[in-house]
Amino acid sequence: SFAGQQESYLNIRGQHALLESIKKCFASLFTNRAISYRVDQKFDHFQVALSVAVQKMVRSDRGCSGVMFTLDTESGFKDMILINGSWGLGEFIVKGVVTPDEFKIFKPTLRLGFNAIISKRLGSKEKKLVYAQEGVNPTKETPVADEDRNRYVLNESQILQLAKWGNIIEEHYQRPMDIEWAYDGETKELFIVQAR
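Along each chain, numbering runs from 1 in the same order as the chain's sequence is written. Totals for whole chains, interfaces and linings use every residue, but because this is a predicted model, local features are given only for residues with pLDDT of at least 70 and side-chain atom pairs only at 80 or more, for both listing and counting. Heavy atoms throughout the structure, all of them, feed into the side-chain values; hydrogens and water do not.

**Q** I'd like a description of the overall build of the protein chain, backed by residues and values.
**A** A tally of regular secondary structure across the protein chain gives 6 helices and 8 strands. For the protein chain, the α and β elements follow one another from N to C terminus as α-α-β-β-α-β-α-β-β-β-α-α-β-β. In this setup the radius of gyration rests on C-alpha atoms only. A globule is expected at 2.2 Å times the number of residues raised to 0.38. Compactness check: the protein chain gives a C-alpha radius of gyration of 18 Å against a globular reference of 16 Å for 196 residues, within 12% of the reference. The rule is simple: take the accessible area with a 1.4 Å probe, protein chains only, and divide by the maximum for that residue type; under 20% is buried, over 50% is exposed, in between is partly exposed. Burial status across the protein chain gives 40% buried among its 196 residues. In this analysis, two residues are considered to be in contact whenever any of their non-hydrogen atoms come within 4.5 Å of each other. Of the contacts made within the protein chain by residues no fewer than 6 positions apart, 57% connect residues no fewer than 24 positions apart. Accessible surface area values rest on a Shrake-Rupley calculation with a 1.4 Å probe, where residue burial reflects the displayed protein chains alone. With the model as given, the accessible surface of the protein chain reaches about 11,700 Å², and the carbon-plus-sulfur share is 51%. Counting from the N terminus, the helices are the DSSP runs of H or I reaching at least four residues and the strands are the DSSP runs of E reaching at least two.

**Q** Give me the lowdown on the side chain of Ser 60, citing residues and values where you can.
**A** Mapped onto the elements of the fold, Ser 60 is located in the loop between helix 2 (32-41) and strand 1 (64-69). Looking at Ser 60, the relative accessible area reads 4%, which means it is buried. With near-sequence residues (within four places) excluded, Ser 60 lies in contact with Ser 65, Gly 88, Leu 89, Ala 182, Tyr 183 and Asp 184.

**Q** Give me the lowdown on the sheet that holds strand 3 (residues 101-106), citing residues and values where you can.
**A** On the basis of which strands lie adjacent, the open sheet formed by 6 strands has the order 4-3-2-1-7-8 and antiparallel pairing. With partners counted over all chains shown, the strands left at the sheet margins are strand 4 (117-121) and strand 8 (189-195), one partner each. Averaged over neighbouring strand pairs, the angle between their axes works out to 20° when direction is ignored. Strands were regarded as paired on the criterion that DSSP finds at least two bridges between them. When strand 3 meets strand 4, the two strands line up antiparallel, connected through 4 bridges. Every axis in this analysis is a line fitted to C-alpha atoms, fitted for helices over the stretch in contact. Angles between the N-to-C directions lie between 0 and 180 degrees.

**Q** Explain a nonpolar patch on the surface to me, using residue names and the numbers behind them.
**A** Only residues above 30% relative accessible area that lack a salt bridge enter a patch, with like-charged residues linked at up to 9 Å and the nonpolar side chains Val, Leu, Ile, Met, Phe, Trp and Tyr linked at up to 5 Å. The working definition used for a salt bridge is a side-chain nitrogen of Lys or Arg within 4 Å of a carboxyl oxygen of Asp or Glu. The grouping of Phe 30, Ile 35 and Val 39 at the surface amounts to a nonpolar patch, some 280 Å² of accessible area in total. One can find Val 39 in helix 2. Classification of Val 39 by relative accessible area gives partly exposed; the value is 48%.

**Q** Give me the nonpolar core: which residues, what numbers.
**A** As used in this record, nonpolar core signifies buried Ala, Val, Leu, Ile, Met, Phe, Trp, Tyr and Cys residues forming a set joined through side-chain atoms within 4.5 Å. Within the largest apolar cluster, 23 residues are counted, with the highest numbers of intra-cluster contacts made by Ile 83, Ile 105, Leu 154 and Trp 181. Of all the elements in the fold, those that place two or more residues in this core are strand 1, strand 2 (80-87), strand 3, helix 6 (156-173) and strand 7 (178-184). In terms of residue count, the dominant contributor to this core is helix 6 (5 residues). Non-local contacts of Ile 105, meaning those with residues more than four positions away in its chain, are made with Asp 79, Met 80, Ile 81, Ile 83, Leu 110, Ala 116, Ile 117, Ile 118, Ile 159 and Ala 163. Val 67, Phe 69, Ile 93 and Val 98 belong to the second-largest nonpolar core, a separate cluster that totals 10 residues.

**Q** Which residues make up the layout of surface pockets, and what values go with them?
**A** Using a grid of 1 Å spacing that covers the protein atoms alone, one calls a set of points a cavity when a 1.4 Å probe fits there but cannot get out, and a pocket when the set is open and has protein on both sides within 12 Å along at least five of seven lines; lining residues are those with an atom within 4 Å of a point. Grid points are joined across faces, edges and corners, and a volume is the space filled by probe spheres set on the points. Of the volumes computed, that of the largest pocket is approximately 1,500 Å³. The set of elements that each furnish at least two residues to the lining of the largest pocket consists of helix 1 (15-27), strand 1, helix 3 (91-94), strand 7 and strand 8. Throughout this entry, Asp, Glu, Lys and Arg are counted as charged residues, while Ala, Val, Leu, Ile, Met, Phe, Trp, Tyr, Cys and Pro are counted as nonpolar. The remaining residues, Gly among them, count as polar. Class assignment for the residues of the lining of the largest pocket results in 25 nonpolar, 15 polar and 9 charged. Looking at the second largest pocket, its volume works out to about 250 Å³.

**Q** Talk me through the packing of aromatic side chains; I want residue IDs and the actual numbers.
**A** Pairs were defined over the aromatic rings of Phe, Tyr and Trp, the Trp ring being its six-membered one, requiring ring centres within 6.5 Å. Orientation was assigned from the angle between planes: stacked under 30 degrees, edge-to-face over 60, tilted for the rest. Applying the stated criterion across every chain, the model contains 2 aromatic pairs. Geometrically, the ring pair formed by Phe 103 and Tyr 152 is tilted, given 5.6 Å between the ring centres and 55° between the ring planes. With Phe 103 in strand 3 and Tyr 152 in the loop between helix 5 (146-149) and helix 6, this pair connects stretches of sequence that are 49 residues apart.

**Q** I'd like a description of the side chain of Ser 86, backed by residues and values.
**A** By the element assignment, Ser 86 lies in strand 2. Overall, the relative accessible area of 1% leaves Ser 86 in the buried class. In contact with Ser 86, not counting residues within four places along its chain, are Cys 64, Ser 65, Ile 93, Val 98, Pro 100, Lys 125 and Val 153.

This is how it looks when you write it as structure tokens:
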């Protein structure tokens, strides 16, 4: 898995646009960045495969989204779940465009059924990516209102639900996981959209 190396396309509508986006995903194997990464990591260019996942979009443009790691990414501490979140679609977190909210959860306490949130840090979240309703681009950048910048994207029950799911996913795969999640602002549902 080459996290963040290949392109993602959001809010694609219609057969022609879908096929063009799939071609662009395959073509992203051959960008300067992707080739350089494989050279640095000593991967044979002819041993790399790519599959394109097509899935229904969660309306996180009207909610929030983020990433979750089943260990502390700075220290490698395995009893921690780290959740990052911001308003809108998750591309801005994945690409490092925004400073997200950060939540840390202690796994042993979580497994015992207690509120295991040990820290919360409010991110600046100055902008968000949303679906475009018109024009050639399927998404657009918009500013985040001050009211939303100054509040957390998730409440405590949502944080704990994501952490429980992260723990289940890690136990299933028997290894630390990098997970993407989304909250649909229309249906008010949380989703896991990717786990690697």
